[in-house]
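Observations on the three-dimensional arrangement
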Amino acid sequence: FQRSPLAHTGSSSCELCPLTSGEISFALGPVGDVAVPAGSYYAEVWLHAPPDAGAAGSTGIQIFINQTDGGQEYFQGTEVTPNDSWTSSSESFNATAGGQMTLQVHTYSVQNGCVLIDDVAVYAQ
């Protein structure tokens, strides 16, 4: 991954590319998890194809919640194929129990392409 001057908002975004050719998927996630209580949430990320580079396949936001009671919940946002305009992947979800939330941006069906990622956010509803 590297910084790109093309941004949805602000002055830059994150350009994410596969480590090797022929990979079928790759993901970008946080260094640490975030504690969340049970409740309703909305998560989104803005995606764009890099200029002058091959675009990645379908890409979407993913949410994992490792519940304090040992269970796990998983939510998959809309999958979009990045193109030459900013497009969002989003998901509204209900965490049934509190726990540690992991947020990822996951790309599937990679064609040796890259994706620009910007404005990743989670909102309590």
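Before reading further, recall that the structure is shown in the block above.
Let us look at the structure shown here. (Residues numbered from 1 in each chain as written. Predicted model: local features only at pLDDT ≥ 70, side-chain atom pairs only at ≥ 80, totals over all residues. Heavy atoms only, no water.)

So, the environment of His8
In plain terms, the rule: Helix numbers and strand numbers start at the N terminus; a helix is a DSSP run of H or I with at least 4 residues, a strand a run of E with at least 2. The rule is simple: take the accessible area with a 1.4 Å probe, protein chains only, and divide by the maximum for that residue type; under 20% is buried, over 50% is exposed, in between is partly exposed. Here a polar contact is recorded for every N or O atom pair within 3.5 Å, except that within protein the pair must consist of a potential hydrogen donor and a potential acceptor, and residues adjacent in sequence are included only if both atoms are side-chain atoms.
One can find His8 in the loop between strand S1 (2-4) and strand S2 (13-16). Residue classification places His8 among the partly exposed positions, given a relative accessible area of 28%. In this structure the side chain of His8 is engaged in a polar contact, spanning 2.6 Å, whose partner is the side chain of Asp119.

Thoughts on unusual backbone geometry
For Asp119, which is not a glycine, the phi torsion comes out positive at approximately 50°. According to the relative accessible area criterion, Asp119 is partly exposed, its value standing at 26%.

Structural notes on the packing of aromatic side chains
Quick note on the threshold: Aromatic pairs are defined between Phe, Tyr and Trp rings, using the six-membered ring for Trp, whenever the two ring centres lie within 6.5 Å; interplanar angles under 30 degrees are classed as stacked, those over 60 as edge-to-face, and all others as tilted.
Using the criterion set out here, one finds four aromatic pairs in the structure. Taken together, a centroid distance of 6.4 Å and an interplanar angle of 20° make the contact between Tyr42 and Tyr123 stacked. Placement of Tyr42 in strand S5 (residues 39-48) and of Tyr123 in strand S10 (residues 115-124) is noted, with a sequence separation of 81 residues between them. Overall, Tyr42 belongs to the partly exposed group, its relative accessible area being 23%. A residue is classified by how much of its surface remains accessible, and Tyr123, at 43% relative accessible area, is partly exposed. An aromatic cluster of three or more residues is present, and its members are Tyr41, Phe75 and Phe93.

With respect to the sheet that holds S2
In a beta sheet, neighbouring strands pair by backbone hydrogen bonds and run either parallel or antiparallel. Convention followed: In this analysis, strands are considered paired if DSSP registers two or more bridges between them. To obtain each axis, a line is fitted to C-alpha atoms, and for helices this fit is confined to the stretch in contact; angles are then taken between N-to-C directions over 0 to 180 degrees.
With antiparallel pairing, five strands are arranged side by side in an open sheet as S1-S2-S10-S5-S8. Each of the sheet's edge strands pairs with one partner strand only, and the pair in question is S1 and strand S8 (87-95). On average, each strand axis in the sheet is tilted by 35° relative to the strand beside it, whichever way the strands run. Sheet topology places S2 next to S10; three bridges connect them, and they run antiparallel. Paired with Cys14 across the two strands is Ile117, which belongs to S10.

Describing the state of the cysteines
Here, disulfide denotes a covalent bond that connects the sulfur atoms of two cysteines. We count it as follows: The term disulfide is used for any two cysteine sulfur atoms that are within 2.5 Å.
This model, assessed by the stated rule, comprises one disulfide. Bridging Cys17 to Cys114, the disulfide has an S-S length of 2.0 Å. Taking the torsion about the S-S bond as the criterion, the Cys17 to Cys114 disulfide, at about 115°, is right-handed. Here Cys17, found in the loop between S2 and strand S3 (25-28), pairs with Cys114, found in the loop between strand S9 (99-108) and S10; they are 97 residues apart in sequence, far enough to count as distant. Assessed through its relative accessible area of 10%, Cys114 is described here as buried.

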